[in-house]
Amino acid sequence: MSPPFLPLPFGVFSVGAERPRVGVAVGDRVLDLASALGDPVFDHPSLNPFLARGPAAWTETRATLLHALRGGGPGTEGRMEPYLIPRERVRLHLPIEVADFVDFFSSIEHATNAGRILRPGEEPLKPNWRHLPVGYHGRAGTVVVDGTRIRRPRGQYRAGASGALCYAPTARLDIEVELGFVVGAGSALGSAVTVDEFEQHVFGAVLLLDWSARDIQAWEYVPLGPFLGKSFATTISPWVIPLESLAAAKIEPAPQDPPPLPHLTGTTPFSYDITLELRLNDHLVSTPSFASMYWTPAQQLAHMTSNGASLRTGDLYGTGTISAWEASGYGSFMELTWNGERPLELPGGDQRGFLQDHDVVSLSATAPAPGGGRIAFGQVSGRVLPASDEPTTPNERLR
Ligand code: CA
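These numbers were taken from a predicted model, which means no experiment stands behind them.

## Some remarks on the packing of aromatic side chains
The geometry of an aromatic ring pair is captured by two quantities: the separation of the ring centres and the angle between the planes.
No. 1: This structure, assessed with the given rule, holds 14 aromatic pairs.
No. 2: Taking 5.5 Å as the distance between ring centres and 90° as the angle between the ring planes, the aromatic pair formed by phenylalanine 10 and phenylalanine 203 counts as edge-to-face. Pair noted here: phenylalanine 10 is in strand 1 (residues 10-15) and phenylalanine 203 is in strand 14 (residues 202-210), with a separation of 193 residues, a long-range link. Across the pair, phenylalanine 203 and phenylalanine 10 agree in class, each one buried.

## Section: the side chain of arginine 152
No. 1: Along the chain, arginine 152 turns up in the loop between strand 9 (150-151) and strand 10 (154-159).
No. 2: What makes arginine 152 buried here is its relative accessible area of 10%.
No. 3: Polar contacts involving the side chain of arginine 152 include one to the side chain of aspartate 357, which spans 2.7 Å.
No. 4: Sequence-distant contacts of arginine 152, that is, excluding residues within four places in its chain, are made with Pro169, Thr170, Leu173, Leu355, Gln356, Asp357, Val384, Leu385, Pro386 and Ala387.

## Quick notes on helix 4 (residues 108-118)
No. 1: Most of helix 4 is tucked away, with nine of its eleven residues classed as buried.
No. 2: Burial in helix 4 covers these residues: Ile108, Glu109, His110, Ala111, Thr112, Asn113, Ala114, Gly115 and Ile117.
No. 3: Buried residues belonging to helix 4 abut helix 8 (333-336).

## Focus on the sheet that holds strand 20 (residues 275-280)
Sheets are built from strands paired through backbone hydrogen bonds, the pairs being either parallel or antiparallel.
No. 1: With respect to topology, five strands assemble into an open sheet ordered 9-26-25-20-21, the strand pairing being mixed. Among the strands making up the open sheet, the edge pair consists of strand 9 and strand 21 (283-286).
No. 2: Bridge analysis of strand 25 (residues 360-368) against strand 26 (residues 374-385) gives eight bridges, and the strand direction is antiparallel. Bridging from a neighbouring strand, serine 362 pairs with serine 381 of strand 26.

Calculation rules
- Per chain, residues are indexed from 1 in the order of the written sequence.
- pLDDT decides what is reported in this predicted model: residues at 70 or higher carry local features, side-chain atom pairs at 80 or more are listed and counted, and totals for whole chains, interfaces and linings draw on all residues regardless.
- Only hydrogens and water are set aside; all other atoms, that is, all heavy atoms of the structure, feed into the side-chain values.
- Think of it this way: a Phe, Tyr or Trp ring, Trp meaning its six-membered ring, pairs with another when their centres are within 6.5 Å, and the plane angle makes it stacked under 30 degrees, edge-to-face over 60, tilted otherwise.
- Only DSSP runs of H or I reaching four residues or more are called helices, and only runs of E reaching two or more are called strands; each is numbered from the N terminus.
- Between buried and exposed lies partly exposed: a residue is buried under 20% and exposed over 50% of the maximum accessible area for its type, with that area taken using a 1.4 Å probe on protein chains only.
- Any N or O atom pair separated by 3.5 Å or less is treated as a polar contact, with the protein-specific requirement of one donor-capable and one acceptor-capable atom, and with residues adjacent in sequence counted only for side-chain atom pairs.
- The criterion used for residue contact is that any of the two residues' heavy atoms lie within 4.5 Å.
- Between any two strands, at least two bridges found by DSSP are needed for them to pair.

Note that every value here comes from positions in space, so none of it alone points to a role or purpose.
Right, here's the structure in full:
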């Protein structure tokens, strides 16, 4: 029997008062890489120094770890044991120092649903949508890790039935279900990264919750796009799943009509078969699938650099809301409640339009593993705190 597949997700952990450093998850334990491999690149509070070494080093490290964890020759079984720490003893941190953050809008289901909700009677997709992956630059400094509490933001919007302009806590707090891709190897300013070079630059994937204040967003976004309705927080999962672990999850991408221009076309296009689960206060509310995403992560990366903009280690890009034509796969509460018009019925008789204070949103995902079974992405979650004039303590955590 072959040994179970080890996806070896990378993260940053600490034990007690010790300083945060890089580890990989091995079952229900965390391998302390700096100690296990004796390499100071892992003795850092982010993955960035390791990611900057590039794809050959990522592959070599993975091979070294698999060899060591499976017993590399007679008498070596268990030599990693001293460096494996039970998960319940560690605290997980933001895994990367986020350089730039970009968010896309690449699900045709979500873009169509949003168009129908926000601009009823009009063509839901704008003329550019099928020709390029629409995106915007977000705020890297407010990307936080799983468990960070999210203070309900204040902002300017037109309120309720009266339409009076106000500056107040958002009444339409939402999330968007997304994946995030982490750039490891940068690129030179002035050069474009092709679709086929995706795996030479991107190290891995995380789960991503794009917190969104729909009332603030609706008022501010014309004509320059999302700004304060999005920039108050974006939450990512603590474990980065290396692309090398997702080989068995690769699939043919969704068809594109019309065919994109040559600079957005690869020789062997692929996407990923990843199934997500969105929960509100522990109740499963939808199961979006990444498989139907219109634009692939490789096309997003190529588009992002097609003007010569450089990539840096630690760049993070969100795929955009992952959604579906059916409500069972909607990736936002705006869709799940049709802009609050059709409240969700929750067990116990609760109803929800948009998020209420103290709600907990969580997202998990799985993908096919080589040899059968599923790879788990772990979890990303956040609790909504009431709006307050008191500053939020940095890194205030759920647990
Ligand atoms: Ca988004």
